[in-house]
Amino acid sequence: MTAKTIFFAFLCSLPVMFLGQVNGQNSSNVSGPAYLAMPKVFKLGENGQQYENLMPRYQSLLEACGGDMRLAHGKLHDMMEEMEVFADSLGYDLNGIKAWMHFFWKEDGSIEHIGFYLKPNSRNVDTARLGAFLKKFSQHYQLPVTADAKYSHYSTFSFPVF
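Residues numbered from 1 in each chain as written. Predicted model: local features only at pLDDT ≥ 70, side-chain atom pairs only at ≥ 80, totals over all residues. Heavy atoms only, no water.

(A) Local environment of unusual backbone geometry. Pro160 follows Phe159 through a cis peptide bond whose omega is 10°. Take Pro160: it is sitting in the segment after strand 5 (151–158). Even without being glycine, Asn47 reaches a positive phi, approximately 55°. Of note, Asn47 is situated in the loop between strand 1 (41–43) and helix 2 (48–54). (Helix = DSSP H or I, 4+ residues; strand = E, 2+ residues; numbered from the N terminus.)

Shown next as structure tokens:
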């Protein structure tokens, strides 16, 4: 066998190897789409592909509020105040935390996922403890907005809320 023949055989086998990898990925995903396995609370920047697949499945909070910006802002502000009250009840200090957060709600306002990432000017906190707090909050709180479709909101949040 010449080097040319070996190289040609290798090139011909690449599509087969590639298809095997693709089929392997699909067969390992029999349980459903990757976004279904998204954790309840996660750090933004992790779970990249799942996060990207998740976002288009949600309308905006503004759309869920019928385009009423004051209503949407008021609901968010109330939620952040409730988050502070909940943190106080658990003895968790939110003061000085500044973070980017992406909330994902079900149609009934229950929290499905929360993505977060501390801003550089945030008070330094243990992100695992913050994640655990957010998970508890997500199980406790329901936004009083019902909609025909799931909805989300991405913004920066600072504590204390004024």
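There's plenty left to go through after this.
(B) Representation of the packing of helix 4 (residues 69–90) against helix 5 (residues 127–140). Interaxial distance between helix 4 and helix 5 falls to 11 Å at its minimum, and their mutual angle equals 115°. As for how helix 4 packs across helix 5, the hand of that crossing is right-handed. Along its contact with helix 4, which presents Met79, Glu82, Met83, Phe86, Ala87 and Leu90, the element helix 5 presents Phe133, Leu134, Lys136, Phe137 and His140. Split by residue class, the contact of helix 4 with helix 5 holds eight nonpolar, one polar and two charged. (Axes fitted to C-alpha atoms, helices over the stretch in contact; angles between N-to-C directions. Left-handed = near helix turned anticlockwise from the far one by under 90°. Contact = heavy atoms within 4.5 Å. Nonpolar A, V, L, I, M, F, W, Y, C, P; charged D, E, K, R; others polar.)

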